[in-house]
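Okay, here's what each chain looks like letter by letter:
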Amino acid sequence: MPKDVKLTKDQERRIKATLKRIRCGLRRSQRDQFDEPAHLFAPELINAKQE
Amino acid sequence: MQNKNESLSQQVTALADGSHTALALAERSLERANELVALNAFVSLDESIVLAQAAAATERRKSGNPKSPIDGIPIAIKDNYLTKDYPTTACSDATPLEPAGIDATIVANLRAAGAVIFAKTNMHEWAYGATNSTSNIGFTRNPNNLGHITGGSSGGSGAAVAAGIVSAALGSDTGGSVRIPSSACGTYGFKPSYGRASRHGVLPLSWSLDAPGPLTTALEDIPHLLPYFFGPDPRDITTKSARLYQAGSTFERPRLIHLTGAGFERSDEVDGVINSALANANALVAAAELSNVPTYFAAWEAILHCEASAYHNALLQENAQGFSAVTRAHLEAGKQLTGVELLEAQRLRMQLVRALFNELPGWDALVLPTLPVTAPPHGEDWQEFGGRRVTTQDAMTWFCWLGNLAGLPCISIPAGNSKLGLPIGLMLMGKPGGDEDLLAIARVIDNGIAG
């Protein structure tokens with residue numbers, strides 16, 4: 001099966017509509033300089049040996 | 001408002017007092033599945049696998065050594081949970097069809113408790129849609145009316161439970177995929193708090209939004225199953241601090257906020273059933289609006305598509321044609337979102353959580369209909385309600401995505417029926433980690449609905 005399969009016109013239309021909707025929504029957000037993204041990272045949880 | 005089918009709790013009692021055997025339960029489930037093949041609820045169902053498990057459970061009961069109260073009860077599994085005896089396909093042609101050889105943590109827990117792993121259920125391809133109309137084995141049919149959709153993505157699980165083939169089934173929920181088919185088919189559906197239940201072995205759609213959960217015949221069934229969902233699993237670090245299930249929560253008169261206004265529109269018929277259910281409940285109910293709903297929805301959608309695209313990237317390059325046309329379009333859209341846009345979405349996620357806890361009046365649970373409309377007919381691509389016209393896909397996730405973006409525990413309970421006899425569900429959303437409290441609140445509402 002070919003790896004590079006072209007998108008159909010309908011798929012391209014769907015992609016465009018999805019991106020437009022998301023970007024319009026994100027643009028309406030009100031920013032506060034102290035707001036951080038949800039990004040909790042706890043490396044100690046990955047140390048299964050707990051050394 | 002339990003339907004007429006035998007519930008899991010009733011089966012627990014019947015097995016314990018000897019009025020049922022596990023073998024008889026399994027045979028009845030198999031018979032019912034055969035009668036109802038038109039639902040297209042199952043991807044894999046092997047009679048010999050089912051009967052072997054049931055025979056072993058029957059022997060354990062005979063010798064007085066059941067493994068747990070649910071030993072011998074048939075439970076169906078959504079086809080994105082790995083199972084060692086059945087293949088796992090996610091109902092897509094873009095996944096290997098060989099048996100995985102291992103069980104997802106929750107399946108392993110249920111199997112260790114003696115539950116009969118009954119079958120794998122039909123689902124929306126890769127859980128990437130809420131209608132169950134896209135599946136490589138064809139769409140599911142709603143047991144209440146075969147001409148209508150089950151909703152999804154756990155549509156086969158919803159159909160199997162609502163039709164009384166099994167008393168409980170497993171689903172997964174990224175934007176409502178447990179609650180949507182529960183509401184559309186008339187079952188109970190529970191989505192745990194994010195990080196309370198292990199996702200290990202459940203093929204991901206979106207790592208930070210996914211939650212595995214049960215669909216059941218009765219509300220009392222859910223506490224029988226949650227002990228096998230909750231608790232730390234070293235193979236899913238988000239559960240590191242997960243508490244085990246603790247029975248005994250009660251609520252006298254919960255404070256409910258009924259979310260209304262822009263972004264929370266619903267049909268008049270759905271609104272009527274929900275208001276009637278709330279009027280009969282022993283609860284303090286206040287209405288409140290939440291601002292910026294479309295913005296938060298965009299954040300949910302951005303996170304969903306980005307995480308799904310990242311997970312599927314290699315497979316997409318290898319076998320793009322294996323995905324259905326719409327799923328591939330979603331994945332390609334996710335690839336085009338930027339890192340900055342994803343972080344903006346994650347920032348909005350924090351804003352939403354802050355707004356829910358700090359800007360609304362005090363609440364024990366948030367309440368909404370599960371769906372703004374009843375289960376639509378097959379092939380109906382658009383829905384109109386409350387002055388809105390949206391795709392059927394968006395109508396299905398209309399209220400549910402909020403619980404995933406904020407990581408809240410959520411439950412859908414049957415609240416009544418439409419004039420056409422289609423079920424209408426009521427959704428409650430609780431505080432993160434407060435899953436047991438949410439169940440207690442659901443009991444208050446369910447008692448009111450039952451009258």
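Here, the structure is the one placed above.
About the criteria used
- Residues numbered from 1 in each chain as written.
- Chains lettered and ligands numbered in written order.
- Predicted model: local features only at pLDDT ≥ 70, side-chain atom pairs only at ≥ 80, totals over all residues.
- Heavy atoms only, no water.
- Patch = residues over 30% accessible without salt bridge, like charges linked within 9 Å, V, L, I, M, F, W, Y side chains within 5 Å.
- Areas by Shrake-Rupley, 256 points an atom, 1.4 Å probe, with all protein chains shown as cover.
- Salt bridge = Lys/Arg side-chain N within 4 Å of Asp/Glu carboxyl O.
- Lys, Arg positive; Asp, Glu negative; His and termini not counted.
- Charge placed at Lys NZ, Arg CZ, Asp CG, Glu CD.
- Helix = DSSP H or I, 4+ residues; strand = E, 2+ residues; numbered from the N terminus.
- Expected span 1.5 Å × (residues − 1).
- Bend = angle between axes of the 7 residues up to and from the residue.
- 1 Å grid on protein atoms, 1.4 Å probe; cavity = no way out; pocket = protein on both sides within 12 Å on 5 of 7 lines; lining within 4 Å.
- Points joined across faces, edges and corners; volume = space filled by probe spheres on them.
- Nonpolar A, V, L, I, M, F, W, Y, C, P; charged D, E, K, R; others polar.
- Contact = heavy atoms within 4.5 Å.
- Buried area = accessible area lost by both parts, 1.4 Å probe.
- Polar contact = N/O pair within 3.5 Å; in protein donor to acceptor, adjacent residues only side chain to side chain.

A. Spatial organisation of a negative patch on the surface. Taken together, B:E27, B:E31, B:D46 and B:E47 make up a surface patch of like negative charges. Secondary-structure assignment places B:D46 in the loop between β1 (42–44) and α3 (47–62).

B. Representation of helix α9 (residues 293–318) of chain B within the structure. Along its 26 residues, α9(B) runs 37 Å from first to last C-alpha, staying within 8% of the 38 Å computed at 1.5 Å per residue. Where α9(B) bends most, at B:H312, the angle is about 60 degrees.

C. Seen up close, empty space enclosed by the protein. All names here are of chain B. Going through the model one piece at a time under the given rule, you end up with 1 cavity of 30 Å³ or more. Put simply, the largest cavity is a space of about 40 Å³. For the largest cavity, the full set of lining residues is P192, S193, Y194, G195, R196, A197, R199, D210, A211, P212 and T238. For the lining of the largest cavity, the class distribution of residues is 5 nonpolar, 3 polar and 3 charged.

D. Representation of the interface of chain B and chain A in the model. In this assembly, 34 residues from chain B lie in contact with 27 residues from chain A. For the chain B face of the interface with chain A, the top three residues by lost area are B:Q321, B:R328 and B:R347, together amounting to 17%. A salt bridge links B:E301 to A:R21; the nearest nitrogen and oxygen atoms lie 2.6 Å apart. At the boundary of chain B with chain A, the tally comes to 9 residue pairs in polar contact (both at pLDDT 80 or more). Every element with two or more residues in the side of chain B that touches chain A is listed here: α9, α10 (325–336) and α11 (339–359) of chain B. Looking at the side of chain B that touches chain A residue by residue, the classes come out as 15 nonpolar, 8 polar and 11 charged.

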